[in-house]
Amino acid sequence: MKSCEEMTQDVLRRVREYDEEKQARRTKIRKAAAVTAPVCAAAVVGTGLWYSGAFSQANKPSAADQGSNLISESTVSQSRKAVYSSTDSAAETTVTNTAEQHREETTSKNETASGEMTESKTTVAEASVQTTAAAETTVAANTSAVRTTAPSVTAAGMQSASNGYGPMLREGDEPPEYLTVIQSYPSGGGNDYAVPKDGEVILASSVRAAMNEYGDSAQYRVRITLWSGSGTKNITDYSSLLAESERLGCISGVETYYNGSSSSSFLWIQATYSELSDFCGRADYGYFITFPSNDQSSTQSSCNSGVFY
Amino acid sequence: MDNGAISYRRFRDDGDESGIAEIIRDYKDGLILYLTSIVGSVQTAEEIAEDTFVLLGTKKPRDKGGGSFKTWLYTIGRNLAIDYIRKNRKRTFVSLEDSAELVSGEAEVERLYLRKEQQIAVHRAMRKLSSDYQQVLWLVYFEELSSRDTARIMHRSVRSVESLLYRARKSLRSQLEMEGFDYEKL
């Protein structure tokens, strides 16, 4: 049996051991907390910034990208792209970005009467990631619409990669540069049609008028009617049109349309002022260049109507 | 507030180690003998009593009030003893060599705590009764606790304690008579 003194000593010794152990454990926890707390705090702050959208600044285009609205025909599956569309006279505009499976719609009232200028400015902007894809743009003016299968375009844009929605300009962001594409122009309602001879290039009056007004500040999306045999044969077969499209080398394509009873194809290009002015056609073809009409088989002037591509 | 509570408060609040020393001095032997009635071994009871004081020193529990410090201390000791029994239910073996030592150790505590021969004889007769009888008899007759305090320590109702005490006394009487003591004179 222990005496009172012995038991007291034992009890106090055990109490001191317990206190020391508790102190050591507390110190250990404090050290661990000192190490992990900054990491946790950084994680919390990072998460907060991420959800507040601060990191989307990273998608801001670089200065080098902003100056170059590069246009090319290559198609890449991955694309960060923003498509802007606007019309001068507040035409109803619908922009569809098929590459992103993303659609933006902008609607406004068109107060201009039929025959007024319906110029659409389609701006295609893309993030600094150098990827391209096809963009589909639909512009409706009055009762007609312009549907453009735009070639792949690389430009600067602010598409938010994180949320998949459209671009959002923030304070301090540089506005994107716009590329104006003219695809129709009023010519007063008269018919505008000509049959070129071999080696001849005829620009429709509406195209010339548009070129005179906009010059190098825009590109022109036009339809080319090909003739051969000195204006005796209209070339509409797909393979010939495609071969000519490839030869031209600029943004171009062949569209096939159906007029209700039969289908036909035509060649279109998107060209600059100089490319149209110095159009280099083949010697055995005649070229009539005009803006496309909404119904390729009708006699309605393209100038007065909406256009379908 | 009794002396034990004052000493404990001095130790708990001011860190005065003499407070726990006073508690050990005042309550050690009585607690050991009470715990012996539960665990059946003085040495084990001594260990549990030491654990009780260590628990007071480390956890520094607070008495919820409603009883004396002694009642509270014995309640803690009893809970620890029951925990011990629960954990060591399958290994309560005592060798024959140790048993003699145990008996001598208990006798020493008895001698120190009870002092009177008559009380020692009664305590030895009690040791042959069941644990509950031993506990209630010890708390009521040797520690001189009220039925209410006894009930609090044993986690029973007052009525149950009184009933248990009645049966314990009856059993003790027959035990003493068997050993040749005259119960009425005790």
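Summary of the structure given here. (Residues numbered from 1 in each chain as written. Chains lettered and ligands numbered in written order. Predicted model: local features only at pLDDT ≥ 70, side-chain atom pairs only at ≥ 80, totals over all residues. Heavy atoms only, no water.)

**Describing helix 3 (residues 205-214) of chain A**
At 3.6 residues per turn, the α-helix brings residues three or four places apart onto the same side. Residue and element names in this part refer to chain A. The criterion, for reference: Relative accessible area decides the class of each residue, using a 1.4 Å probe on protein chains only: under 20% of the type maximum gives buried, over 50% gives exposed, and in between gives partly exposed. Numbering goes from the N terminus for both helices and strands, where a helix is a DSSP run of H or I of at least four residues and a strand is a run of E of at least two. The arc in question is traced by the directions running from the helix axis to the C-beta atoms. What makes two residues a contact is simply this: any of their non-hydrogen atoms within 4.5 Å.
Listed in full, the buried residues belonging to helix 3 are S206, V207, A210, M211 and Y214. Buried residues of helix 3 fall within an arc of 135° about the axis and therefore sit on the same side. Where helix 3 is buried, its residues contact strand 9 (180-182), strand 10 (201-203), strand 11 (218-228), helix 5 (273-277) and strand 15 (286-290). Following helix 3 by one or two positions, G215 adopts a phi angle in the positive range, close to 55°.

**Quick word on the packing of helix 2 (residues 17-39) of chain B against helix 4 (residues 69-87) of chain B**
Residues and elements named next belong to chain B. For clarity, the threshold we go by: Every axis corresponds to a line fitted to the C-alpha atoms, with the helix fit spanning only the stretch in contact, and the corresponding angles, defined between N-to-C directions, vary from 0 to 180 degrees. Note on angle classes: values under 35 degrees are labelled roughly parallel, values over 145 roughly antiparallel, values of 65 to 115 roughly perpendicular, and the remainder oblique. Two helices cross in a left-handed way if the nearer one is turned anticlockwise from the farther one by less than a right angle. They cross in a right-handed way if the turn is clockwise. Classes in brief: Ala, Val, Leu, Ile, Met, Phe, Trp, Tyr, Cys and Pro nonpolar; Asp, Glu, Lys and Arg charged; the others, Gly included, polar.
One way to put it is that helix 2 packs onto helix 4 with a least axis distance of 10 Å and a crossing angle of 40°. In terms of orientation, helix 2 and helix 4 fall into the oblique class. Of the two possible hands of crossing, helix 2 and helix 4 adopt the one that is right-handed. Residues I23, Y27, G30, L31, Y34, L35, I38 and V39 of helix 2 form the contact with helix 4, whose own contacting residues are F69, K70, L73, Y74, G77, R78, A81, Y84 and I85. Taken together, the residues of the contact of helix 2 with helix 4 break down into 13 nonpolar, two polar and two charged.

**What to know about the pairing of strand 11 of chain A**
Each regular strand carries side chains that alternate between the two faces of the sheet. Residue and element names in this part refer to chain A. Put simply, the test is: What makes two strands pair is DSSP finding at least two bridges between them.
In terms of residue burial, strand 11 counts as a mostly covered element, since eleven of its eleven residues are buried. Of the two faces of strand 11, both are covered, the one formed by A218, Y220, V222, I224, L226 and S228 as well as the one formed by Q219, R221, R223, T225 and W227. Two strands pair when backbone bridges link them, and strand 9 and strand 11 are joined in this way by three bridges, in the parallel orientation. Along strand 11, the bridge assignment pairs V181 with Q219. Inspection of the sheet shows strand 11 paired to strand 14 (residues 263-271) by five bridges, in the antiparallel sense. The residue of strand 14 that forms the bridge with V222 is I269. With five bridges connecting them, strand 11 and strand 15 associate as antiparallel partners. Across the sheet, I224 pairs through a bridge with I289, a residue of strand 15. Summarising the sheet, strand 11 and strand 12 (residues 233-235) pair through three bridges and their orientation is antiparallel.

**Topic: the pattern of salt bridges**
Threshold: By convention in these notes, a salt bridge is any Lys or Arg side-chain nitrogen within 4 Å of a carboxyl oxygen on Asp or Glu.
In the structure shown here, the tally under the stated rule is 20 salt bridges over all chains. Note that A:R14 is salt-bridged to B:E50, the shortest N-O span being 3.1 Å. Of this pair, A:R14 sits in helix 1 (residues 4-52) while B:E50 sits in helix 3 (residues 42-58), on two different chains. Residues B:R152 and B:D149 are paired through a salt bridge, measuring 3.5 Å at the closest nitrogen-oxygen approach. Here B:D149 and B:R152 lie together in helix 8 (residues 147-154), a separation of three residues that amounts to about one turn. Since its relative accessible area comes to 33%, B:R152 is described here as partly exposed. When salt bridges with common partners are traced through the structure, they connect A:K2, A:D10, A:R13, A:R14, A:E17, B:E50 and B:D51 into a single cluster.

**Observations concerning the packing of aromatic side chains**
All names here are of chain B. We count it as follows: Pairs were defined over the aromatic rings of Phe, Tyr and Trp, the Trp ring being its six-membered one, requiring ring centres within 6.5 Å. Orientation was assigned from the angle between planes: stacked under 30 degrees, edge-to-face over 60, tilted for the rest.
According to the stated counting rule, one finds eight aromatic pairs over all chains in the structure shown. Between the aromatic rings of Y27 and F69, the centroid separation amounts to 5.5 Å while the plane-to-plane angle is 55°, which identifies the pairing as tilted. Of this pair, Y27 sits in helix 2 while F69 is found in helix 4, placing the two residues 42 residues apart along the sequence. You'll find Y27 and F69 in the same group, each marked buried. Look at W138 and F142: their rings are 4.8 Å apart centre to centre, the planes differ by 15°, and that puts the pair in the stacked class. Of the two residues, W138 and F142 both sit in helix 7 (residues 131-142), four residues apart, roughly one turn of that helix. Using a relative accessible area of 1% as the deciding quantity, one classes W138 as buried. The class for F142 is buried, based on a relative accessible area of 15%.

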